[in-house]
Structure formats: C-alpha cells, structure tokens
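# Inside the fold
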Amino acid sequence: SEFRLRFRVISFQNGLDDWFVDDISVVGLTPPANDACAAATITPAGSHPFTTVGATTDGPNEPVLCSFAGFTNIDRDVWFRYPVQCTGIATISLCGASFNAKMAVYGSACPSQPGTALYCSDDFCGSAPEITFPVVAGSIYRIRIGGVNNATGSGTMVITCTPSAPPCPADIDPQPSGN
C-alpha cells in the first residue's frame, strides 16, 4: 500500500513553513504458504511449527460450533491436511501458542459454506485450543488454525493418534456342557 504522511516540525521562526509531506511505501507481510485451504500443508502425527502472521481469512464463518465469547469466525487462518495413521483417538493441540488461537477440524474437502466444521476449540489450555476426536486410519481431515478477533502469532501444533485397544479374543477355553 502507499499513502501520504504529513509531518510537522514546530518552528520558532516567523514565516517558516513547518509542514513537510512525504510519500511512504509500506511493504506488507507475505502470507504463509498454507494461507488457503487448497494449499493446506500435509501434517502426519507429530510436532509441526506454524505461524498465522501475514495470513488472511480463507475459511467460512462458523456461527454454531465455533461461537466462543461472541466470536464465531476463525480469523487470519492457515490450513493443514492430516492423513490419519491409526484407528483410535486423535488429539490436536496448540498449547503454548503465542496468541489467542482458535482451531476447527473439517472433513477431507475444503469447506464451501458456514457451519461445516466437525469440531472446534478455543481456550483449552490458556488461550490455546485442543481437540480430541475419534478417527479411522486412512481418513483425511482439514485443520484450520487462526485467531480470535484477528489475533495472529505462532506456535507448535502437536498431533497424536492413540490406537484403539484390540478387541477381546473369543473364549479359548470353553467350559464343557453341563458344568
């Protein structure tokens, strides 16, 4: 963006024009590579650093599931694709993030309308979210990380997948009939 600033220097000399005008050019921040849902970064289970600094808002408003303290949108968001590696329980945590973060989880496709988040969280650990939900190996989820009321910052997203316990085996020592 370009704009014009007017500076004033107070002069004690009579008749001296003490106003100065200069053209200033401000270089904006480059958005993160995963600023849009279509460019979501693939993130398997593990620790993944992220930043929302310079991000724009790509996802829809989430008025039902993500309404916390009057804020329904996830502002200035970045996106990740999580290919599930186990059948069990996944946990996605942003604990320790440097800003008031909010997070939503969607199905495999980018959301095209409001109200399509499957899970949403805000302020689980301080001002950072955490989501725990059941998963099936081979599924893909989209993770949206942004801020509350245009907050931005950075952190580490930690994804864990805890496999379900194996089913109990059939009775291998049946009792003889009549006992």
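Before reading further, recall that the structure is shown in the block above.
An account of the accompanying structure is given in this report. (Residues numbered from 1 in each chain as written. Predicted model: local features only at pLDDT ≥ 70, side-chain atom pairs only at ≥ 80, totals over all residues. Heavy atoms only, no water.)

### Some points on the state of the cysteines
- Tallied over the full model, the rule gives 4 disulfides.
- Each sulfur in the disulfide pair C66 and C120 lies 2.0 Å from the other. Given an S-S torsion of about 120°, the disulfide between C66 and C120 has right-handed geometry. Linking C66 in the loop between β4 (46-51) and β5 (75-83) with C120 in strand β8 (residues 119-122), this pair joins segments that are 54 residues apart in sequence. There is no split in this pair, since C66 and C120 are both buried.
- The disulfide bridge from C86 ends at C161, spanning 1.9 Å between sulfur atoms. Since a negative S-S torsion denotes a left-handed disulfide, the C86-C161 link at about -90° is left-handed. With C86 in the loop between β5 and β6 (88-93) and C161 in strand β11 (residues 154-163), this residue pair connects regions lying 75 residues apart in the sequence. Across this residue pair, the class does not change: C86 and C161 are buried.
- The connectivity of the disulfide-linked cysteines in the chain, indexed sequentially, is 1-5, 2-6, 3-8, 4-7. (Disulfide = S-S within 2.5 Å. Helix = DSSP H or I, 4+ residues; strand = E, 2+ residues; numbered from the N terminus. Buried < 20%, exposed > 50% of the residue type's maximum accessible area, 1.4 Å probe, protein only.)

### A word on the pattern of salt bridges
- Scanning all chains against the criterion turns up 1 salt bridge.
- The partner of D77 in a salt bridge is R144, with the nearest N and O atoms 2.7 Å apart. Of the two residues, D77 sits in strand β5 while R144 sits in strand β10 (residues 140-147), which places them 67 residues apart along the sequence.
- Its relative accessible area of 0% is what places D77 among the buried residues.
- Judged by its relative accessible area of 0%, R144 is buried. (Salt bridge = Lys/Arg side-chain N within 4 Å of Asp/Glu carboxyl O.)

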